[in-house]
Each structure stands twice: as C-alpha cells, then as structure tokens.
Amino acid sequence: MDKAKELELKKIATEIRKSIIIQTASAGSGHPGGSLSGVEILTYLYFVEMNIDPKNPKDPNRDRFVLSKGHASPLLYAVLAEKGFISKDELTGFRQIHSNLQGHPDMKKVPGVEMSTGSLGQGLSVANGMALAAKLDGKDYRVYVLLGDGEIQEGQIWEAAMTAAHYKLDNLTAFLDHNGLQIDGKITEVMSPEPVDEKFKTFGWHVIKIDGHDFNQIEKAVNEAKTIKEKPTIIIAETVKGKGVSFMENEAGWHGTAPNKEQAQKALEELQKQLESLEVQG
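Model, not experiment: these values are computed from the prediction.

Reading the values: rules and limits
Residues numbered from 1 in each chain as written. Predicted model: local features only at pLDDT ≥ 70, side-chain atom pairs only at ≥ 80, totals over all residues. Heavy atoms only, no water. Helix = DSSP H or I, 4+ residues; strand = E, 2+ residues; numbered from the N terminus. Expected span 1.5 Å × (residues − 1). Buried < 20%, exposed > 50% of the residue type's maximum accessible area, 1.4 Å probe, protein only. Arc of directions from axis to C-beta. Contact = heavy atoms within 4.5 Å. Polar contact = N/O pair within 3.5 Å; in protein donor to acceptor, adjacent residues only side chain to side chain. UniProt positions renumbered as here; feature names shortened; annotations may be inferred. Phe/Tyr/Trp six-rings, centres within 6.5 Å; stacked < 30°, edge-to-face > 60°. Lys NZ or Arg CZ within 6 Å of the ring centre and 35° of its normal. Salt bridge = Lys/Arg side-chain N within 4 Å of Asp/Glu carboxyl O. 1 Å grid on protein atoms, 1.4 Å probe; cavity = no way out; pocket = protein on both sides within 12 Å on 5 of 7 lines; lining within 4 Å. Points joined across faces, edges and corners; volume = space filled by probe spheres on them. Nonpolar A, V, L, I, M, F, W, Y, C, P; charged D, E, K, R; others polar.

1. Describing helix H10 (residues 261-281)
Part 1 of the argument: Over its 21 residues, H10 extends 30 Å from the first C-alpha to the last, a length consistent with the 30 Å expected when each residue adds 1.5 Å.
Part 2 of the argument: Ala264, Ala267, Leu271, Leu275 and Leu278 are the residues of H10 that are buried. Seen along its axis, H10 keeps its buried residues to an arc of 75°; they face one direction. The outward face of H10, more than 90 degrees from its buried face, is lined by the exposed residues Glu262, Lys273 and Val280.
Part 3 of the argument: Tucked into the core, H10 has its buried residues touching helix H1 (3-27).
Part 4 of the argument: Its side-chain oxygen at 3.1 Å from the backbone nitrogen of Glu262, Asn260 defines the N-terminal cap of H10.

As structure tokens, then:
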C-alpha cells in the first residue's frame, strides 16, 4: 500500500473514532471499547476491499459484511455514515427512541446492514449461509464477518466453524477482533478460548495472524485469504480495546460504558489532534 493511501485510510479511521465517541456520548450508553478496536478492519473493508455501493445497497452481486459482535454497532454506523449509506446527522440519535440506529444493528431499518445481530455467536452462522448461497447461485461475491474474542466463547461459533470448513467456504473471511478483554475482564480469566489459532486450524480453517491496526498487514491478509481454496480463512487481528483514546485503551471498564460530557470532550480533542497531525503529513 502506498503512503498516500495509507494516510488517507488513517484519516478516515480517525473520523470514524470521533463518530463512535459522539454516538455513545449522545446516548449515554453503548459500547465504545470494542467499537474503537475494530476501526482499521472495517475502514479497510469498506473503503478499499468490498464491492459495495451506497446508492445500490441491495445489489445482488455486492460483497457482504456481518457484524457478529453486534454490540459494536457504533463502529458499523460510523463506517456506514462515512461511506454514505446513512447521514452523519443520524449518529447523534444513536439509541434514541425515534432513531433507526438501535443499540444493535437492524437490517430492516438501516441501509448497508446485512444482518440484525446482537445475540452473540450467531453472526458466523449467518455469514456461512451467505457464503454458501453465493456458491449455490454461482456468484463470486465474498462474505466478511467480524467476531469478538469474548464472543468465541459461545458454542455456536464452533459449530459454525465446523460447518464453514465442511462446505469449503473459501469465499468467507472472518476477522477476530482479538483485544483480549470482555465486559468482565480478560478473556483468558473469564473463559479462555486460547490457543485460538490452533483451534481454528484444527477445525479446518486457514489462519492468519496480524496487527489489527496496521493497514498494510490487513491488506496483505485480505489478499492472501482470496488465494486460499476449499477452506475458509480467519484473520486473527491483535487489537487494543479503546484504541485511539488514551484513557480508554486496554481498560475493560470501557467495554459497555459511555463517556460523559467531559470525557467525550477530552476524547474528541485527542482524536482531533491525531487528525491534525495526519493532515500535516499529507
């Protein structure tokens, strides 16, 4: 990836982080920590990789993305707004009674949302169905899904992992947002899923491990996944919960706690400085 493209993506990612803070602060609720950790992954998918069109969100040949960790809806909404599927003006209505932007994404109300998610563990099964449908219909679209590392404690994930390998869904790529924290603390202390890479290999997946905040590594992994035949790919992305906001980083308490007015202002000022620094670079 050339430096100009990487810089552009970093700017977009910073704007998305600002939108996550604005949403959760406006609502006084939500999940900022795990939304912030997945920003680079979705930024790359939506602004580089995926064949999608905000003007034609139901194009039958579009690529699909499923947010299996549905509580990270502020991330998805921020990306959809930045991409033009919804208006940025809608973001301040997050979790409000009059708004379409519910705490968990609703495919019937928000353009660009492929699946209503929130009950953890179900998204990979849905993504399997989409990928299998593409195979049966002779379509070449690809399916992407974002999993949480606390989420993979759910048994349905492993049933879905087995299913994807059985049906040789090489048009399916899963990302694991591996930030190491869930609402009750470290995943290794709550219910350890480790070693995640060896488990998925045993279930018949191609496994790639990357820094989930490095656009070049994300690009390389996505391109590698497209070369793999007859097995699905999981990209285990090592990330930082709360990434981009210093006082939120690596703090499990920010999993499901919204910033108050003062905290939001501090976070937005910090992100704005990051954006200004990027502007100076290019």
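2. Re the UniProt feature "domain: Transketolase N-terminal" (unreviewed entry) in the protein chain
Part 1 of the argument: Those residues carrying the UniProt feature "domain: Transketolase N-terminal" (unreviewed entry) are residues 11-267 in this numbering.
Part 2 of the argument: Span residues 11-267 is 39% helix and 13% strand, its end C-alpha atoms 16 Å apart.

3. Comments concerning the packing of aromatic side chains
For any two aromatic rings, the description comes down to two numbers: the centre-to-centre distance and the angle of the planes.
Part 1 of the argument: One pass over the structure, following the stated rule, counts 6 aromatic pairs.
Part 2 of the argument: With 4.7 Å between their ring centres and 45° between their planes, Trp158 and Phe200 make a pair best called tilted. Taken together, the residues Trp158 in helix H6 (residues 155-166) and Phe200 in helix H8 (residues 196-202) connect sequence positions 42 residues apart.
Part 3 of the argument: Considering the side-chain rings of Phe247 and Trp254, the 5.7 Å spacing of their centres and the 65° angle between planes classify their relative orientation as edge-to-face.
Part 4 of the argument: Taken together, the aromatic side chains of Trp158, Phe200, Phe203 and Trp205 make up a single cluster linked through ring pairs.
Part 5 of the argument: One residue, Arg64, lies across the ring of Tyr141, its end atom 3.8 Å from the ring centre.

4. Details of unusual backbone geometry
Part 1 of the argument: With omega at -5°, the peptide bond leading from Glu194 into Pro195 counts as cis.
Part 2 of the argument: Along the chain, Pro195 falls in the loop between helix H7 (187-191) and H8.
Part 3 of the argument: In this model, Lys168 sits at a positive phi of 55°, which is unusual for a non-glycine residue.
Part 4 of the argument: Structurally, Lys168 can be placed in the loop between H6 and strand E3 (172-178).

5. Overview of the pattern of salt bridges
A side chain of one charge can pair with a side chain of the opposite charge if their charged atoms are brought near each other.
Part 1 of the argument: Across all of its chains, the model carries 12 salt bridges by this definition.
Part 2 of the argument: Here Lys18 and Glu15 are joined by a salt bridge, their closest N and O atoms 3.6 Å apart. Placement of the pair is Lys18 and Glu15 together in helix H1, with a separation of 3 residues, close to one helical turn.
Part 3 of the argument: Residue classification places Glu15 among the partly exposed residues on the basis of a relative accessible area of 25%.
Part 4 of the argument: Residue Lys201 is joined to Glu198 by a salt bridge in which the shortest nitrogen-to-oxygen separation is 3.7 Å. Of this pair, Lys201 and Glu198 are both found in helix H8, 3 residues apart, which corresponds to roughly one turn of the helix.

6. Looking at empty space enclosed by the protein
Part 1 of the argument: Applying the stated criterion to the full structure yields 1 cavity of 30 Å³ or more.
Part 2 of the argument: Approximately 100 Å³ is the volume attributed to the largest cavity.
Part 3 of the argument: Grouping the amino acids of the lining of the largest cavity by side-chain chemistry returns 6 nonpolar, 3 polar and 6 charged.

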